[in-house]
Amino acid sequence: MLDTLKFFLFVILLLITILLNQNVISKKSGERDLSQFWRLENSNGTLKMENQSIPSGVYTALEAALIIESILDHKNDLTTKWIALDNWTYTLDVACDVQDLNFTNVVLTLHGVDTFADVYLNDELLGSTDNMFVRYRFNVRRQLRHECKTTSKLRIELKSPVTTAKALSAKHEQLKIVPECPPEVYNGECHVNLIRKMQASFAWDWGLAAPSMGIWKPVRLEFYDSAKVRDVTFVLSDEETEWSVRIGVHLETGTVARRVKGTLTFKLLGIEIDSPVITVDETSNEAGELFVEGSMIVAKEAVKLWWPNGYGRQTLYNLYVKWEDDLINSIQLRDRDTMISEKIVRVGFRSVQLRQEKANDRGLMFYFLVNEIPIFMKGSNWIPSSVLPESSYDENYVKFLLYAARDANMNMLRVWGGGVYESDYFYQLADELGILIWHDLMFACSTYPADAGFLENVKLEVRQNVRRIQHHPSIALWATNNENEVAIQQNWYGTNGNKNLYVEDYKKLYVETIAPEVEREDKWRTVLISSPSNGKKSVEDGYISANPQDPLYGDVHYYNYDLDGWNPIVYRGGRFVSEYGYQSYPAYTSWPVRVLNNEELADLINHRQHSPLRNAPIKTMIEKNLPMPLETSPNYWRDMIYLSQVSQAMIVKTETEVYRSKRLEHGTMGALYWQLNDVWIAPSWSSIEYGGKFKILHYWMKEMLAAHHVVAYINTLKRLDLYAIRDTLGPDEQWKIEVNIHRWDSFMPVDNLTYDAITVPENTVVKVDSYDIYEHLHKKNLAPKDHLLLINLYRNGVKEAENFVFLDKVKNAAQLTTSPNVKLTLATVSCNPANSIMRVSIELSVSRPVAFLYMELTPENSALKQCQFSRNGFLQFSPIQTVYMQCVDPGCKSKLASSDISTLSVNRLMNK
């Protein structure tokens, strides 16, 4: 009995001991997210906001507190300028957990602070931040241990980016960093090129000045005893029958140099291969960073290839990396997890090469060879999804935009250099959707400093961001800047007086600093110095070519506001056109005016038109090709907005289709129009408005970028050039093309040309004919101004694509009926409560053909979001057509009627 009592007493004492020491035996490495319950206040404490959540920014916090209206409304970019001139402080009470302090490393990690800040813990300065693209780490174990009986106070004191940039400018009096300020019409701020912040945040020709401040990425406390796996890189070498894989692991051992001993294990989950184990016994650098590399061989038959959108599946594999400290086997009471760090990244097996061999005519080619297939890159340019960085990582909106790109048959997006390095989610989704990424580093349209401090700051920025995203198969190419070579060579900013000095600094920054840093972190991809550039030829020319826009080399950016953009003969193309486009206005109902009328709308449009050319190019192009509305009409701006979108769509369609066809004559192998998305409702080059509404251009993109397409246009000899375009793989196919000649007022063709049994090999362009169409019309006594061509493409007996060609300007089409009696009927309306998706079937009936039939929801339906029609802005040459619409209808509460959708057409404006 006594022995039994002793045993129970022993058990009770053991349990008490375990409970008293549970901070030791239950301790696991990990992290604590510090995202909730922050306080924000301005410099004099007159504005205070509680319960802020990270990500956070001053503008969004002030709007949420109803202190300001949204900076995106009205002219609030002017009325809110005071915000960026003040200093702001974020404060958080950090509860101390004793068990956290048993770790060797208790690291405060700031993944993104925008931009200049001093960081304090319990009034002790931990350090400062001066780059919004850099992750900052501070070991705070000592500070937390000292104050663990009470709550610790974390304070991040933000400094005005506007006044900081101005102060920095005083250091560059001898060689000014130009441009010092944006054009006056931007209503922007100065000296953004002196600071490492989103360059577009001080205003751009498409965007407002919103010099944001805040904590735009997570803040975390990280706990570990040994080392933490921060980043994993993945480099493939394509051998004949196998893939040679090099896996790089970036470990962190805290924030100071420290010796670690352990093993790294690599596994490709789901693939039967040997998993290498690497023994590590090394000391990290003074920042607590250690790089370890391993390798493996993967038989090609063991994995499936990753393909760009349209060419195959996007097969991805999970790569598992595990760090295990040698001390793990000697630990008794402490949990094994304290010495382990794991990470999984998704990788793809593919090869991407930028080829620049000699061309058949002159110059060098410039194209991407993906899995040994030369692929024409078709897509757009991506700017940040929000001008406020704390909102730019919104996963729902990023997903919406990337799906819109994928569904429009794009296979490449260019992440432009005036924005941000995007979120992990952005690249993950690009991997899944097969969208290759041409990636600029974040330098654009400017000269930059090249002093030692600036270069060291940039090195850290490049290292961290390239390491973070390098493993993604969607990354195709790096370019160190946007338009900075051409800016110097063409004296955009008055640099000719000190050109040699500016060129010297250019080379210091991009050639001697950024490019080597990228190449050190990513041995898998090509690094271009600039875009546009002559590629290899630019290197031979000492990195500043005489003509960085030479169409025989590299990539070009092409904009022309003088010639008629509807006319295909103005486009010659280049090897790769990485920017081109034209402006239009967002939809009539999208503008954030207080009263929707001509006067209010004109005032806001003029305010937000940042192009130094103002609205003249838009109006001029409409006048050249379309009937103009009367300026006295109460519907003047509604009609002008609609016509601007028609004109933009026609210009970009014409240019894109010329480039796709020029694969034959000029070796053009890429067309990325400017730009996919927007940051506010304003005149711009985008195909998707801010918020998600498609312009007519984006509706057309799906057809003009289709994998199987027919392209036709009138060439310089006034002949009809006809092309069959196939962007798929497989055996030769037999296609049929019909060219129907229609009167503008008739559903039925008056004549046609038929091309049967056209042999179309895989992944190519076939020139079908160059036909004297005007001679044909003359023989048939058909006036060009009264007729147009409607062209159909058939594969396997089924119509797959259609296109059209105007034989004269649309404004001259006298036969185009002004009253086509458009009738819109809702055939079906349904909404799924599970996902709030409304689906609508719309029947459109007309008595005569309609030019550019456009549908838009009336303003009363503002509850419906991201509405998309299956087609819009199209030519209707059939009495009845069915179109589908899909919207997000939160809670499925909307009641939609036919009268809620208005229609517009060019027909109404004829003869006015």
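Before any of the text, the structure's been laid out above.
As a starting point, this report considers the structure included with it. (Residues numbered from 1 in each chain as written. Predicted model: local features only at pLDDT ≥ 70, side-chain atom pairs only at ≥ 80, totals over all residues. Heavy atoms only, no water.)

1. Quick word on the pattern of salt bridges
Consideration 1: Tallied over the entire structure, the rule returns 58 salt bridges.
Consideration 2: We note a salt bridge from K159 to D118, for which the minimum N-O separation is 3.5 Å. Of the two residues, K159 is situated in the loop between strand 11 (152-158) and helix 6 (161-169) and D118 in strand 8 (residues 117-121); the sequence distance between them amounts to 41 residues.
Consideration 3: You can call D118 buried: its relative accessible area is 14%.
Consideration 4: Connected through salt bridges with shared partners, the residues R135, R137, E222, R230 and E252 form a single ionic network. (Salt bridge = Lys/Arg side-chain N within 4 Å of Asp/Glu carboxyl O. Helix = DSSP H or I, 4+ residues; strand = E, 2+ residues; numbered from the N terminus. Buried < 20%, exposed > 50% of the residue type's maximum accessible area, 1.4 Å probe, protein only.)

2. Focus on the nonpolar core
Consideration 1: Counting residues in hydrophobic clusters, the biggest one holds 215 residues, and the most contacted among them are L108, L154, I156, F806, I842, F852 and V906.
Consideration 2: Take this core: its biggest share by element is 13 residues, from helix 16 (residues 636-661).
Consideration 3: Among all residues touching L154, those that are not within four sequence positions of it are L34, W38, Y90, T91, L92, V94, L108, V119, Y120, L121 and V219.
Consideration 4: Residues F234, W243, V298 and Y317 belong to the second largest nonpolar core, which totals 32 residues. (Core = buried A, V, L, I, M, F, W, Y, C linked by side-chain atoms within 4.5 Å. Contact = heavy atoms within 4.5 Å.)

3. Some words on the sheet that holds strand 14 (residues 214-215)
Two modes of strand pairing occur in sheets, parallel and antiparallel, and in both the strands are linked by backbone hydrogen bonds.
Consideration 1: Taking strand neighbours across the sheet as the criterion, the three strands line up as 4-14-7 in an open arrangement whose pairing is antiparallel. Looking at which strands have only one partner, the edges of the open sheet turn out to be strand 4 (56-57) and strand 7 (113-114).
Consideration 2: Two elements, strand 7 and strand 14, share two bridges in a ladder whose sense is antiparallel. Paired with V113 across the strands is I215, a residue of strand 14. (Pairing = 2+ DSSP bridges.)

4. With respect to the packing of helix 10 (residues 452-469) against helix 12 (residues 499-521)
Consideration 1: Helix 12 packs onto helix 10 with a crossing angle of 30 degrees between their chain directions and a minimal axis gap of 9 Å. Considered as vectors, helix 10 and helix 12 are oriented roughly parallel to each other. Judged by the twist between their axes, the crossing of helix 10 over helix 12 is right-handed. Together, F454, L455, V458, K459, V462, R463, V466 and R467 of helix 10 and K508, L509, T513, I514, E517, V518 and E521 of helix 12 make up the contact between the two elements.
Consideration 2: Looking at the contact of helix 10 with helix 12 residue by residue, the classes come out as eight nonpolar, one polar and six charged. (Axes fitted to C-alpha atoms, helices over the stretch in contact; angles between N-to-C directions. Parallel < 35°, antiparallel > 145°, perpendicular 65-115°, else oblique. Left-handed = near helix turned anticlockwise from the far one by under 90°. Nonpolar A, V, L, I, M, F, W, Y, C, P; charged D, E, K, R; others polar.)

Nothing here speaks to function; it is geometry throughout.
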